[in-house]
Amino acid sequence: MSIVRIALDVPLPRLFDYLAPDATADDIGYRVSVPFGNSSKTGVIVDWTASSDQPVEKLKAATAILRDMPRLPADWLAMCEFCARYYQAPLGEVMALALPPMLRRGKLPRVMRAKKSEGAVPAVPKGDCPETDSKLRGVPKGDLLRGVSPAPPSDGLKTFSLPELLSAQHAAVGRIIATADFQTFLLHGVTGSGKTEVYLRSIAAVLAQGGQALMLVPEIALTPQLEGRVRARFPQARIVVANSSIGDATRARGFLEALNGQADIVLGTRLAIFIPLPCLRLIIVDEEHDASFKQQEGLRYSARDLAIWRAHQQGCPIVLGSATPSLETYHHARSGRYQLLELPQRAVAIAPPVVRTVDTRREKLQEGLSVALLAGLEQRLARGEQSLLFLNRRGYAPVLACPACGWISHCLRCAANLVVHLADKRLRCHHCGFEAVIPPACPDCGNIDVQPFGRGTQRLESTLAARLPQARILRIDRDSANTARKWQALLATIHAGEADILIGTQMLAKGHDFPLLTLVGVVGADAALFAADFRAPERLFAQLMQVGGRSGRAELPGEVLIQTEYPDHPLYQALIDHDYARFAQSQLDERKTAGFPPFTYQALLRAESPAMVAATDFLTQARAQALPLAGSAVALYDPVPMRMHRLMALERAQLLVESDSRPALQNFLAQWMPQLYSLKKPRTLRWHLDVDPLEF
Ligand SMILES: [Zn+2]
Ligand SMILES: [Zn+2]
């Protein structure tokens, strides 16, 4: 008997056996097409065996083993298996996500840029890096690293002139490139401290040795600017860029180039963690605290956490970089599990911004703006400098309300309000996309004086346009920058100095330097101080540090004005002192007392259904089923409606599972999962498990 065991993209936690008379153990890792139900599917061969648990006469025969693509290597299969195990997902679903859509469908991109234009490309034996035609190979390591010396090069080497490193950068690069084994580094440095330069030098060292480097960045930060900087530094290198906006064929080609060992650098967002790299020698995760590394739907994996596992698997160093590390990462760095590399100084000659709070309790605001902030804006306008107003709420106003009867604009499908978008005269739900025309009168009582309440970016824009008519105002949020092209155009406008005042959400905070920007105003941030989500202060601190870091230039330090009713709040005080460590320590102390991560490990079982009672019933049964398995190491809380308890006309509830021990939680989940699949449920109910959830 020759039987192949296949991972198929089916929502069942099992593999599928098929007969394949011509198969051997060497076929593990090939894609294969098989009949499935009334149609066919493409999967990946993960095992070859002589016998099946199922009666042989019931097995169908595989249609074809697709040997035209190199085998997916054993370490790639192992990573997918780990991901499936850790996040309790079917292996076939993990592989379906990990493969570019074209390869998943059993196809190949038509033209490979590589010289090998047709036929099978030989698979790379594990642990053996293929020779490639990269011009970087064979360059003596010393030459590539000469720039690492803090002293200017004494000889007249005709190489590209690298920026001089500060001693902390120099030390960081030295530690990273001296590490040949697995080690997790936290590179902690404020905006402008030169983290990117540390990454680039470390990558250079890896390329000089014939290795491959993987650099992960948050979704919004992967701009042509960063890509351009990497390409300019490594003009000879083959760079594969991977993000969700890249076309099908290009993505498949990049995947294959990396798999064949032809790519030197893979630069991408979270999906890039699944790109196979036979000679991987270094992983970098920039802005490691960014929430976009965790996928929030389907397979809820954390690319950062998988990256650490992958570095361990490969026996190579990984660098997590951030100005405001996640508290999990910072905790590990403090406890010695990770190596802490600090970049305390700005590399460029820019003083850190001066941060001040504006106490809005004692002042009647003018359309939400304080005298101090308005004066600051006028001053920058007069000097020809740029200002940025940070308001993390898009639209004109968060809600439309009737003062006569108390009606407010609820979304009928979600537990959320419809946001007023005055520019296109619409009410819009930011959660489900529902839209309606702004009603001319209150739908309940007929009062024609319905009013927008609160303030969003659009309202701030029109307020400022009225007050400062001479100012060129640019609003940057997901409405104005809803495509990559519009976003690039807006960035170009800012860089060309063709805007005076930028109004933006957190989109603007990430990864962009605006040399003309000298004032940042923060409006409406207080709500996050007291949010029910225990991670809200961590996110707010990171956002404000990031957005403040955008301001300032050599001759003129930036200024950050935070409008608040809580000027003495420790979070704002830590921002004023630029003291991440103090803020992080106070948050860690609070979390330790409260028993939150990183001191505990969590998983959420969520259920959604047209009726809340069905969702909570399901969770109650799931909990009863789990209790005998949980033992004393795992705590099971009561099922509760989620804070946003209705989304797209589905009621949502959740059940929190918690443990002090990650292995104990993992063991428990592994036993619970098969039982969950067997639990009776209404057809309309859906459930999923979120391991290490970021959002509650
Ligand atoms: Zn009314
Ligand atoms: Zn909605």
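Caption draft 1: A look at helix 18 (residues 662-678). When the terminal C-alpha atoms of helix 18 are compared, their 25 Å separation across 17 residues agrees well with the 24 Å that a helix rising 1.5 Å per residue should span. Along helix 18, the largest kink reaches about 30 degrees and is centred on Trp672; proline Pro674 follows within four residues of it. Burial in helix 18 covers these residues: Ala664, Leu665, Gln666, Phe668, Leu669, Trp672, Met673 and Leu676. Looking at the buried side of helix 18, the elements it contacts are helix 1 (74-86), strand 24 (601-609), helix 17 (612-630), strand 25 (634-636), strand 27 (650-659) and strand 28 (686-691). Of the residues that open helix 18, the one with a side-chain oxygen 2.9 Å from the backbone nitrogen of Ala664 is Ser661.

Caption draft 2: Structural view of the coordination of the zinc ion (ligand 2). Coordination of the zinc ion (ligand 2) by the protein is provided by Cys411 (SG), Cys414 (SG), Cys429 (SG) and Cys432 (SG), with metal-donor distances spanning 2.2 to 2.4 Å. Around the zinc ion (ligand 2) sit four donor atoms, and with donor-metal-donor angles ranging over 104 to 114 degrees the site reads as tetrahedral. One chain supplies every donor to the zinc ion (ligand 2), and in sequence these donors are spaced C-x2-C-x14-C-x2-C. One end of the pair, Cys411, is in the loop between strand 15 (399-401) and strand 16 (419-421); the other, Cys432, is in the loop between strand 17 (426-428) and strand 18 (435-437), and 21 residues separate them in sequence. The two residues Cys411 and Cys432 agree in class, both being buried.

Caption draft 3: View of unusual backbone geometry. In this model, Pro597 is joined to Pro598 through a cis peptide bond whose omega is 10 degrees. By the secondary structure assignment, Pro598 is in the loop between helix 16 (580-594) and strand 24. Phi is positive for Glu287, close to 55 degrees, though the residue is something other than glycine. Residue position: Glu287 is located in the loop between strand 10 (280-286) and helix 9 (303-314). Even without being glycine, Glu367 reaches a positive phi, approximately 50 degrees. Tracing the sequence through the fold places Glu367 in the loop between strand 13 (354-359) and helix 11 (371-383). Accessibility expressed as a relative area gives 40% for Glu367, which makes it partly exposed.

Caption draft 4: Summary view of the pattern of salt bridges. Here the structure, examined in full by the defined rule, presents 36 salt bridges. One salt bridge connects Arg475 with Glu461, and the closest N-O pair in it is separated by 2.7 Å. Of this pair, Arg475 sits in strand 20 (residues 473-476) while Glu461 sits in helix 12 (residues 457-467), and the two are 14 residues apart along the sequence. Judged by relative accessible area, Arg475 falls into the buried class, the value being 15%. One connected set of salt bridges, linked through shared partners, spans Arg356, Arg380, Arg383, Glu385 and Glu559.

Caption draft 5: Seen up close, the coordination of the zinc ion (ligand 1). In the first shell of the zinc ion (ligand 1), the protein supplies Cys402 (SG), Cys405 (SG), Cys442 (SG) and Cys445 (SG), at 2.3 to 2.4 Å from the metal. Sequence spacing among the residues donating to the zinc ion (ligand 1) works out to C-x2-C-x36-C-x2-C. By relative accessible area, which is 3% here, Cys402 ends up buried.

Caption draft 6: Structural view of the sheet that holds strand 8 (residues 239-242). Pairing in this open sheet of seven strands is parallel, and the strands run 8-9-7-10-11-6-12 from one edge to the other. Strands with a single pairing partner mark the edges of an open sheet, and in this sheet they are strand 8 and strand 12 (339-343). Adjacent strand axes in the sheet meet at a mean angle of 15 degrees when their direction is disregarded. Alignment of strand 6 (residues 183-189) against strand 11 (residues 317-322), held across six bridges, turns out to be parallel. Across the sheet, His188 pairs through a bridge with Ser322, a residue of strand 11. Along the sheet, helix 5 (residues 167-177) contacts strand 6, strand 10, strand 11 and strand 12; its crossing angle with strand 12, the most-contacted strand, is approximately 155 degrees.

Caption draft 7: Highlighting the sheet that holds strand 5 (residues 64-66). Strand order in this open sheet of five strands is 2-1-4-3-5, and the pairing throughout is antiparallel. The two strands at the open ends of the sheet, each matched to only one other strand, are strand 2 (16-19) and strand 5. Taken over all neighbouring pairs, the strand axes of this sheet differ in orientation by 45 degrees on average, direction set aside. Pairing between strand 1 (residues 3-7) and strand 2: four bridges, direction antiparallel. In the strand pairing of strand 2, Val4 is matched with Tyr18.

Caption draft 8: Inspection of the environment of Ala23 at higher detail. Within the secondary structure, Ala23 is located in the loop between strand 2 and strand 3 (31-36). Sequence-wise, Ala23 and Ile65 are 42 residues apart; in three dimensions their C-alpha atoms are separated by 8.1 Å. Excluding anything up to four places from it in sequence, Ala23 contacts Ser2, Val4, Trp48, Ile65 and Arg67.

Caption draft 9: Representation of the pairing of strand 10 within the structure. Within strand 10, six of the seven residues are buried, leaving the element largely enclosed by the surrounding structure. Note: strand 7 (residues 212-216) against strand 10, five bridges, orientation parallel. Bridged to Leu216 within strand 10 is Val285. The handedness of the strand 10 to strand 11 crossover, carried by helix 9, is right-handed.

Caption draft 10: Summary view of the packing of helix 5 against helix 6 (residues 195-208). Taken N-terminus to C-terminus, the directions of helix 5 and helix 6 make an angle of 35 degrees; their axes are 9 Å apart at the nearest point. For the pair helix 5 and helix 6, the crossing hand works out as right-handed. In this structure, helix 5 uses Gln169, Ala172, Val173, Ile176 and Ile177 to contact helix 6, whose residues at the interface are Glu197, Val198, Arg201, Ser202 and Ala205. Class assignment for the residues of the contact of helix 5 with helix 6 results in six nonpolar, two polar and two charged.

Parameters and conventions
- Residues numbered from 1 in each chain as written.
- Chains lettered and ligands numbered in written order.
- Predicted model: local features only at pLDDT ≥ 70, side-chain atom pairs only at ≥ 80, totals over all residues.
- Heavy atoms only, no water.
- Helix = DSSP H or I, 4+ residues; strand = E, 2+ residues; numbered from the N terminus.
- Expected span 1.5 Å × (residues − 1).
- Bend = angle between axes of the 7 residues up to and from the residue.
- Buried < 20%, exposed > 50% of the residue type's maximum accessible area, 1.4 Å probe, protein only.
- Contact = heavy atoms within 4.5 Å.
- Polar contact = N/O pair within 3.5 Å; in protein donor to acceptor, adjacent residues only side chain to side chain.
- Donors = N, O, S within 2.8 Å, 3.2 Å for Na, K, Ca; no water.
- Tetrahedral: all angles 85-135°; square planar, octahedral: opposite > 155°, others 65-115°.
- Salt bridge = Lys/Arg side-chain N within 4 Å of Asp/Glu carboxyl O.
- Pairing = 2+ DSSP bridges.
- Axes fitted to C-alpha atoms, helices over the stretch in contact; angles between N-to-C directions.
- Right-handed = clockwise from strand over helix to strand, strands pointing away.
- Left-handed = near helix turned anticlockwise from the far one by under 90°.
- Nonpolar A, V, L, I, M, F, W, Y, C, P; charged D, E, K, R; others polar.

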